[in-house]
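Examination of the molecular architecture
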Amino acid sequence: MKSTNYMKLEFMSRSVNEGFARMAAAAFLMQLDPTLEELGDIKTAVSEAVTNAIVHAYPDGLGKIRLQGKIFEDHSVEFTVRDYGCGIADIAQARTPLFTTGGEERSGMGFTIMESFTDKLRVRSRPGKGTTVTFLRKIELREKK
């Protein structure tokens, strides 16, 4: 499928940048004229992916996170969140609801939330090399008034 537009951002794994990533994704998505529900779902999924990278990828310091977005001819959008941190040893376990390596204050629901707000979710990771989370969401085409 051919993309019609894309964007790429890179930022430090500071918690203040979660909101930046969320709003950047929302601004990029606006060209598809999403409903408030679609917009909220995408913002939540991006927020979860970026928060996971901030909390889990760099436990002993700061690193970089890359957010990419693509819009396709079929009115779908794909976002990819990539870190270059410690990676995930067992992706299946990490995707299990309530599993977390982030301590008692973390819910362990990040991947479950991302799955519930997207049409397709893919997680790739290599220990010591980082993690890439990619999700796709079809945005309903609405008639222009």
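See the structure printed just above.
Residues numbered from 1 in each chain as written. Predicted model: local features only at pLDDT ≥ 70, side-chain atom pairs only at ≥ 80, totals over all residues. Heavy atoms only, no water.

Digging into the side chain of Arg137
So the rule is basically this: Starting at the N terminus, helices and strands are each numbered in turn, a helix being any DSSP run of H or I of at least four residues and a strand any DSSP run of E of at least two. The buried label goes to any residue with under 20% of its type's maximum accessible area, the exposed label to any with over 50%, and the partly exposed label to all in between, with areas taken from a 1.4 Å probe on protein chains only. Polar contact criterion, stated in full: a pair of N or O atoms within 3.5 Å, where within protein one must be able to donate a hydrogen and the other to accept it, and residues adjacent in sequence count only if both atoms are side-chain atoms. Residues count as neighbours in contact if any of their non-hydrogen atoms are within 4.5 Å of one another.
By the element assignment, Arg137 lies in strand E5 (residues 130–138). By relative accessible area, which is 12% here, Arg137 ends up buried. Side chain to side chain, Arg137 and Asp41 meet in a polar contact 2.9 Å long. A distance of 2.8 Å separates a polar side-chain atom of Arg137 from the backbone oxygen of Phe117. For Arg137, the contacting residues outside a window of four places in its chain are Glu38, Asp41, Ile42, His75, Ser76, Val77, Phe117, Thr118 and Asp119.

Notes on the packing of aromatic side chains
The description of two aromatic rings rests on the distance between their centres and on the angle between their planes. Spelled out, the test is: Note on aromatic contacts: the rings of Phe and Tyr and the six-membered ring of Trp form a pair at centre separations within 6.5 Å, being stacked when their planes are under 30 degrees apart, edge-to-face when over 60 apart, and tilted otherwise.
Taken as a whole and assessed by the stated rule, the structure comprises 3 aromatic pairs. Relative to Phe20, the ring of Phe11 lies with its centre 6.0 Å away and its plane at 90 degrees, an arrangement referred to as edge-to-face. The exposure class assigned to Phe11 is buried, which follows from its relative accessible area of 7%. Given a relative accessible area of 41%, Phe20 falls into the partly exposed group. When the centroid spacing of 6.2 Å and the interplanar angle of 75 degrees are considered together, the rings of Phe28 and Phe79 count as edge-to-face. Residue Phe28 is found in helix H1 (residues 17–29), and its partner Phe79 is found in strand E3 (residues 76–83); the two are separated by 51 residues along the sequence. Given a relative accessible area of 0%, Phe79 falls into the buried group. Here the aromatic residues Phe28, Phe79 and Phe135 are joined through ring pairs into a cluster of three or more.

Structural notes on the side chain of Ser76
Inspection of the secondary structure assignment puts Ser76 in strand E3. Here Ser76 falls in the buried class, since its relative accessible area comes to 2%. A distance of 2.5 Å separates polar atoms of two side chains, one belonging to Ser76 and the other to Asp74. Aside from chain neighbours lying at most four places away, what touches Ser76 is Met1, Leu32, Lys70, Ile71, Leu136, Arg137, Lys138 and Ile139.

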